[in-house]
Every structure is written in structure tokens, then in C-alpha cells.
Amino acid sequence: MHVPIPTAHWPWADPSLSVVGVGDFNGDGTTDILFRNATTGWLGQFVMHNGQSTWASIGWADPALQVAGVGDYTGSGTSDILFRNPTSGALGEFVMHNGQATWAGIGTTATNWQVA
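### Quick look at the sheet that holds strand β6 (residues 66-71)
Then, in step 1: If you walk across this open sheet you meet the four strands as β6-β7-β8-β9, and the pairing is antiparallel. With partners counted over all chains shown, the strands left at the sheet margins are β6 and β9 (100-108), one partner each. Across the sheet, the mean angle from the axis of one strand to that of its neighbour is 25 degrees, orientation sign disregarded.
Then, in step 2: Here strand β7 (residues 80-84) runs beside strand β8 (residues 90-97); their pairing, made up of four bridges, is antiparallel. Residue pairing in the sheet places Arg-84 in a bridge with Leu-91 of β8.

### Considering the nonpolar core
Then, in step 1: Core analysis: the largest hydrophobic core is formed by 10 residues, namely Phe-25, Leu-34, Leu-43, Ile-58, Ala-61, Leu-65, Ile-81, Phe-83, Phe-94 and Met-96.
Then, in step 2: Mapped by element, the contributors of at least two residues to this core are β7 and β8.
Then, in step 3: Among all residues touching Leu-34, those that are not within four sequence positions of it are Ser-18, Val-19, Val-20, Gly-21, Phe-25, Leu-43, Gly-44, Ile-58, Val-67, Val-70 and Ile-81.
Then, in step 4: Judged by nonpolar contacts, the second largest core, of five residues, contains Leu-17, Val-19, Phe-46 and Met-48.

### Notes on the packing of aromatic side chains
The relative placement of two aromatic rings is captured by the distance of their centres and the angle of their planes.
Then, in step 1: Across all of its chains, the model carries seven aromatic pairs by this definition.
Then, in step 2: Considering the side-chain rings of Phe-46 and Trp-55, the 5.2 Å spacing of their centres and the 80 degrees angle between planes classify their relative orientation as edge-to-face.
Then, in step 3: On the basis of relative accessibility, which here comes to 3%, the residue Phe-46 falls in the buried class.
Then, in step 4: Owing to a relative accessible area of 30%, Trp-55 belongs among the partly exposed residues under this scheme.
Then, in step 5: Residues Phe-94 and Trp-103 carry aromatic rings whose centres are separated by 5.7 Å and whose planes lie at 90 degrees to one another, so their mutual orientation is edge-to-face.
Then, in step 6: Accessibility expressed as a relative area gives 6% for Phe-94, which makes it buried.
Then, in step 7: Trp-103 gets classed as partly exposed once you look at its relative accessible area, which sits at 43%.
Then, in step 8: Through a chain of ring-to-ring contacts, the aromatic side chains of Phe-35, Trp-42, Phe-46 and Trp-55 assemble into a single cluster.

Cut-offs applied
Residues numbered from 1 in each chain as written. Predicted model: local features only at pLDDT ≥ 70, side-chain atom pairs only at ≥ 80, totals over all residues. Heavy atoms only, no water. Pairing = 2+ DSSP bridges. Helix = DSSP H or I, 4+ residues; strand = E, 2+ residues; numbered from the N terminus. Axes fitted to C-alpha atoms, helices over the stretch in contact; angles between N-to-C directions. Core = buried A, V, L, I, M, F, W, Y, C linked by side-chain atoms within 4.5 Å. Buried < 20%, exposed > 50% of the residue type's maximum accessible area, 1.4 Å probe, protein only. Contact = heavy atoms within 4.5 Å. Phe/Tyr/Trp six-rings, centres within 6.5 Å; stacked < 30°, edge-to-face > 60°.

Put into C-alpha cells, the structure is as follows:
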């Protein structure tokens, strides 16, 4: 999913950021909005609470990696961020805990496989 940020609503927003997923990244039970700069690999989120947003940086991931999915891959009750390198097939994730990311390598798949 590649959706430009509607800068009319957030005039300070960097137009190089795109929405790449949604999930509960801080474990508060509310869906947050994940943004990424595909050129630099930088990620951030709008942490949502009662319809109000607060910006929070997540960190940096190699620009060769693409966000392949968002889900609770660790069973912690918090959404994690799945990455895949389409050239090498490498998989990894940002394991999220209270909005903070910890990198975990997963392995490698054939390059002709896709995350469903």
C-alpha cells in the first residue's frame, strides 16, 4: 500500500513519507498509522488515542527492505512490522513493545515467493 500523506491535514508532514500499514504498535488497543520514507528507510507512526494523533519515531530499516506486513507475529498483543528484501528473499521484523522497535531476523525465502 502506497498512499501519499494528505499534507492539507498535516502541513508539517514530510511528503516523502507514505502510509505503509496500520496496527496497534504500542499495545493500547487502538490502531496506529505506520509511515515510511522508502528512500531513507526511516519509519514513524501516528499513535492514535480518542481520534487524536501524536507523532512518534520508530527508527530506520535498510531501504532495500520493503514493509511486507503488519501483525502480531510474536503473540505479545502488539502489532509487529514484517520486512522483506525482494532481491535476496531475506525476512526480518521489528518486534514492537510500547511503541519501541527491536530488530529480529527471521530467515530467507526464495525470491519468487511472496508474503500473502
